[in-house]
Each structure stands twice: as C-alpha cells, then as structure tokens.
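These are the residues of each chain, in order.
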Amino acid sequence: PYSHFRVGCSLLLTNGTVVQGANVENAAYPVGTCAERVTVATAVVQGAKKGDIRAIAVATDISPPASPCGMCRQFLREFCELEMPVLMYDKHGKSTVMTLEQLLPMSFGPEKLLSTEDIQHDVIAGQQRSIATSPRLRQQAAAAPAAEQAQHDVAPPTHYELFPQTFPDGAPPASPFSPDLRQLRKEFLQLQAKAHPDLMPANQKRHAEGLSSLINEAYRTLQDPLKRAQYLLLQHGIDVEDESSKLSGGELLMEVMEAREAVEEAENEEDLSLLKAENGERIAESVGVLDLAFASGEWEAAAREAIRLRYWKNIEESIQGWEKGKGGGAIHH
C-alpha cells in the first residue's frame, strides 16, 4: 500500500509442497518485510529445514525482473543450498534463473559458526581451566576418589572462577577488588554465547540452563561494587546484610540522615544534580576504601565500609526515584 511495488514469492519443498508469500509493508517503512523472507519464514514455521527447499521463484510487475535484495539473499543463505535455483519473473512472465551462489558469492552461512560439539567442548574446557587454576576446586578434585568423581560433579565454581580472563589470579586479595568492567562484560558475553541452552542437545539443556543462570548471577554480582563486597565477605563468613549490620549513632548516622532529608527537600532537577554529584563522591570514596581493605585482607574493615556503601547506594536509589512534590524514592535499609 505504500511503495505500490508488488512482489510475490513461491518456494518448492522437496516433498512437493509449494509455499507462497508477498511483501508485507508498514507505515514505518523499515518494518516492512520482503516477499522472500515472508515465504521462507512461513516454510520454516511449518517445519522446513536447511536442504528442504528445492527452488524459489520471485515475481514483480516490472521489466526486467527484480532480484532478491541483499538482506533476502542472506536470509535465503541460512535455509537454502548454494546450488538452489532462484527464478526471477517480470510482468510478462519471462524468467531469469540464477543460483543462490551466483546471487551471493563469497557468502557467510551457518556452517561458518561453531558447531554444537565445538561449543560443548569450549564450555567443558572452560570449566576444566577453572578447576585447574582454582586451588579450592583442584583440592576437591584431587581429594575425591576416582569412582566418586565419575558419579558426582565438582562443586560449582565461585563467581570469580567463572571469569578466569578477568580474574586470572582468583578473588581478592589475589586480584584487585575493582575489576576492569569492560573486560568483565566482554567475557560475560563470550560465556553466555557458548553456554546458551538453545545451542545444546536436549539431554544437556537443563545443565546449560543452570550454567547460564549461574553466569548471569555471577556477572550481576561482580559488576556492582556493593554486591561484590557483600559476596566476598560472605565467602569469609561475614554477612553484612543481616539486621545487626546497621548504623547506630555517631557522625556517620547523622550524615546519612542529612543526605536523606536533602533529597526529600529537593525542589528541582538542579538541586537533585548537586545531591547526585555529592553522593557519587561518597560512593567513590567507599569503593576506594574497599579496594585497600580487600587488597590487604582486612575483612572487618571491609565489612564496616560495605555497610557505609550500602547506605550511599540507598541514597542513590532515592535520588533516582525522586519526583517533584513527592520527594525521593523508597529507602531500603
């Protein structure tokens, strides 16, 4: 209805079935879909797989005929063999025939990607590297009898052991408390790409789902300084999230109360911007103290600073939830 350019497409499956489609346009032009992709997608939804499509015909009401666009050629490449013929018909019914390989030379297809076996091998190899570089897991593996090892998995790796590229030396104090966040995200995306459940055979999907969930949890924890500190301290038996880990009296408590009141009394975005900058400095200062405390293995000092950081992060949430006339967002103690 918008381009007034009509395109029809039919494909022939190896079982003799013919699937038809047309270009489907949209008022937001880029959202429209070409006839070739509509038709192939319909066949795929009906169960067609790579190799099931024998030939494709495209018809337009112009002369000479139009060939599939570059996007459609790549789409065909995903589900069709390179030698598959593509018939292009003009408004007079005259056709031109080319193979998909002629339309898309030096193409990039699914076989260029890692196979499921390659992906499984990489995931297993990564887990083995974690065990090899982790004193705790290496000790577990050495201590378990061979028969027991054959029947039971090694205990789940720690968050740090899941990211050996970002933390080659393991958790603090062996590694800095504040990691390279860009490297952490890069490794996270690599791990998720290899462990995605959809890439695994049916008998390993549940294992892959568990591994993917563990990777997600580890990444969310390690990218946030407060969650990272709480996790590290918990590994040493210190829980700074329980009810006893709260401020009680003193100069710091007054500072926290004044910061909360300032957010509640803010009248405009300019006031809020100043409060956000001040609180950002508090958070940065706390993270600096944690860097030093974890580097020297001073767990009690790290615990005290983690409690401080928790309050500054709460102030940050309050600032983010601020609404004119309503004050700050919810405060979590």
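Reading guide: rules and limits
- Residues numbered from 1 in each chain as written.
- Predicted model: local features only at pLDDT ≥ 70, side-chain atom pairs only at ≥ 80, totals over all residues.
- Heavy atoms only, no water.
- UniProt positions renumbered as here; feature names shortened; annotations may be inferred.
- Phe/Tyr/Trp six-rings, centres within 6.5 Å; stacked < 30°, edge-to-face > 60°.
- Helix = DSSP H or I, 4+ residues; strand = E, 2+ residues; numbered from the N terminus.
- Buried < 20%, exposed > 50% of the residue type's maximum accessible area, 1.4 Å probe, protein only.
- Lys NZ or Arg CZ within 6 Å of the ring centre and 35° of its normal.
- Contact = heavy atoms within 4.5 Å.
- Axes fitted to C-alpha atoms, helices over the stretch in contact; angles between N-to-C directions.
- Parallel < 35°, antiparallel > 145°, perpendicular 65-115°, else oblique.
- Nonpolar A, V, L, I, M, F, W, Y, C, P; charged D, E, K, R; others polar.
- Patch = residues over 30% accessible without salt bridge, like charges linked within 9 Å, V, L, I, M, F, W, Y side chains within 5 Å.
- Areas by Shrake-Rupley, 256 points an atom, 1.4 Å probe, with all protein chains shown as cover.
- Salt bridge = Lys/Arg side-chain N within 4 Å of Asp/Glu carboxyl O.
- Lys, Arg positive; Asp, Glu negative; His and termini not counted.
- Charge placed at Lys NZ, Arg CZ, Asp CG, Glu CD.

Under an unreviewed UniProt entry, the name given to the chain is cytidine deaminase, and the source organism is Friedmanniomyces simplex. What the UniProt record of the chain gives under Catalytic activity (unreviewed entry) is the line "cytidine + H2O + H(+) = uridine + NH4(+)".

A short note on the packing of aromatic side chains
The final tally for this structure, using the stated rule, is 7 aromatic pairs. With a centroid separation of 6.0 Å and 45 degrees between ring planes, the pair formed by Y2 and Y29 is classed as tilted. Here Y2 is found in the segment before strand 1 (7-13), whereas its partner Y29 is found in the loop between strand 2 (18-22) and helix 1 (35-45), with 27 residues between them in sequence. Owing to a relative accessible area of 38%, Y2 belongs among the partly exposed residues under this scheme. Put simply, the rings of Y160, F167 and Y231 pair up and form one aromatic cluster. We note R228 situated over the ring of F177; from NZ or CZ to the ring centre the distance is 4.4 Å. The lysine or arginine in question, R282, covers the ring of W312, its NZ or CZ lying 5.1 Å from the ring centre.

Things to note about the environment of Q183
With respect to the helices, strands and loops of the structure, Q183 is situated in helix 7 (residues 181-195). On a C-alpha basis, the gap between Q183 and Q165 in space is 8.0 Å, while along the polypeptide they are 18 residues apart. Residue contacts for Q183: discarding those within four places in its chain leaves Q165 and T166.

Topic: the packing of helix 7 against helix 8 (residues 205-222)
Running from amino to carboxyl end, helix 7 crosses helix 8 at an angle of 170 degrees, the nearest separation of the two axes being 10 Å. Comparing the axis directions of helix 7 and helix 8 gives the class roughly antiparallel. Contacts between helix 7 and helix 8 involve L184, R185, F188, L191, Q192 and A195 on the former and, on the latter, A208, L211, S212, I215, N216, Y219 and L222. Of the residues contributing to the contact of helix 7 with helix 8, the split by class is 9 nonpolar, 3 polar and 1 charged.

Some points on a negative patch on the surface
Where like charges cluster on the molecular surface, the negative patch consists of E258, E261, E264, E265 and E267. Within the secondary structure, E267 is located in the loop between helix 10 (250-265) and helix 11 (269-295). According to the relative accessible area criterion, E267 is exposed, its value standing at 55%.

Some words on the UniProt feature "binding site: Zn(2+)" (unreviewed entry) in the chain
Here the UniProt-annotated "binding site: Zn(2+)" (unreviewed entry) positions come out as C34, C69 and C72. In summary, the annotated positions, though distributed over 39 residues, converge in three dimensions, the widest C-alpha pair being only 8.5 Å. Position of C69 relative to the elements: it lies in the loop between strand 3 (53-60) and helix 2 (70-79). Here C72 is to be found in helix 2. Ignoring anything within four residues of it in the chain, the contact list for C72 reads C34, E36 and R37.

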